[in-house]
Amino acid sequence: SGEFEALFISEMLAPVFESIDTGGLFGGGQGEKIYRSMMVQEYGKVVAMSGGIGIADSVQREILKMQENQQ
């Protein structure tokens, strides 16, 4: 569930970092896009490891409810 939460948080953070203007003398380019993606993934992992936002537990509960209803 920690991996799911980290992925979810990363996906939610990605648009925030994509909107930051990084032009200028030393910014931009394909390399920055790659490293920014890696940075956002790491931020997601850190947030998930430090307690996360509780989404993984909620999703797991809903999946269990759905499975119980199908039986």
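Coordinates for the structure precede this section.
Here's a quick rundown of the structure. One numbering rule holds for all chains: residues counted from 1, following each sequence as written. Only residues with pLDDT of 70 or above have their local features reported here, since the model is predicted, and side-chain atom pairs are shown and tallied only from 80 upward, although totals for entire chains, interfaces and linings are computed over all residues. Processing note: side-chain calculations cover all non-hydrogen atoms of the structure and skip hydrogens and water entirely.

**Some words on the pattern of salt bridges**
How we decide: Each reported salt bridge corresponds to a side-chain nitrogen of Lys or Arg within 4 Å of a carboxyl oxygen of Asp or Glu. Only runs of H or I of at least four residues qualify as helices and only runs of E of at least two qualify as strands under DSSP, and these elements are numbered from the N terminus. Remark: exposure states derive from per-residue accessible area (1.4 Å probe, protein chains only) relative to the maximum for the residue type, with buried under 20%, exposed over 50%, and partly exposed in between.
For the coordinates displayed, the defined rule picks out three salt bridges. Where Lys45 meets Glu42, a salt bridge forms, and the shortest distance between an N and an O atom there is 3.1 Å. A residue pair is termed a helical-turn pair when its members lie 3 or 4 positions apart in one helix, as Lys45 and Glu42 do in helix α2 (residues 30-49) at three residues. Across the pair Lys65 and Glu62 runs a salt bridge whose closest N-O atoms are separated by 3.5 Å. Of this pair, Lys65 and Glu62 both sit in helix α3 (residues 55-70), three residues apart, roughly one helical turn. Relative accessible area serves as the criterion here: at 45%, Lys65 is assigned to the partly exposed category.

**Points about the layout of surface pockets**
Quick note on the threshold: Only protein atoms enter the 1 Å grid used here, on which a cavity is any set of points holding a 1.4 Å probe that cannot leave and a pocket is any open set flanked by protein within 12 Å on both sides along at least five of seven lines; residues with an atom within 4 Å of a point are listed as lining. Grid points are joined across faces, edges and corners, and a volume is the space filled by probe spheres set on the points. Amino acids are sorted into nonpolar (Ala, Val, Leu, Ile, Met, Phe, Trp, Tyr, Cys and Pro), charged (Asp, Glu, Lys and Arg) and polar (every other residue, Gly among them).
Roughly 310 Å³ of internal volume is contained in the largest pocket. Along its surface, the largest pocket is lined by 17 residues, and Ala14, Glu18, Arg36, Ser37 and Val40 are the ones closest to its centre. For the lining of the largest pocket, the elements supplying multiple residues, two or more each, are α1 (2-18) and α2. Residues of the lining of the largest pocket, tallied by class, amount to five nonpolar, six polar and six charged.

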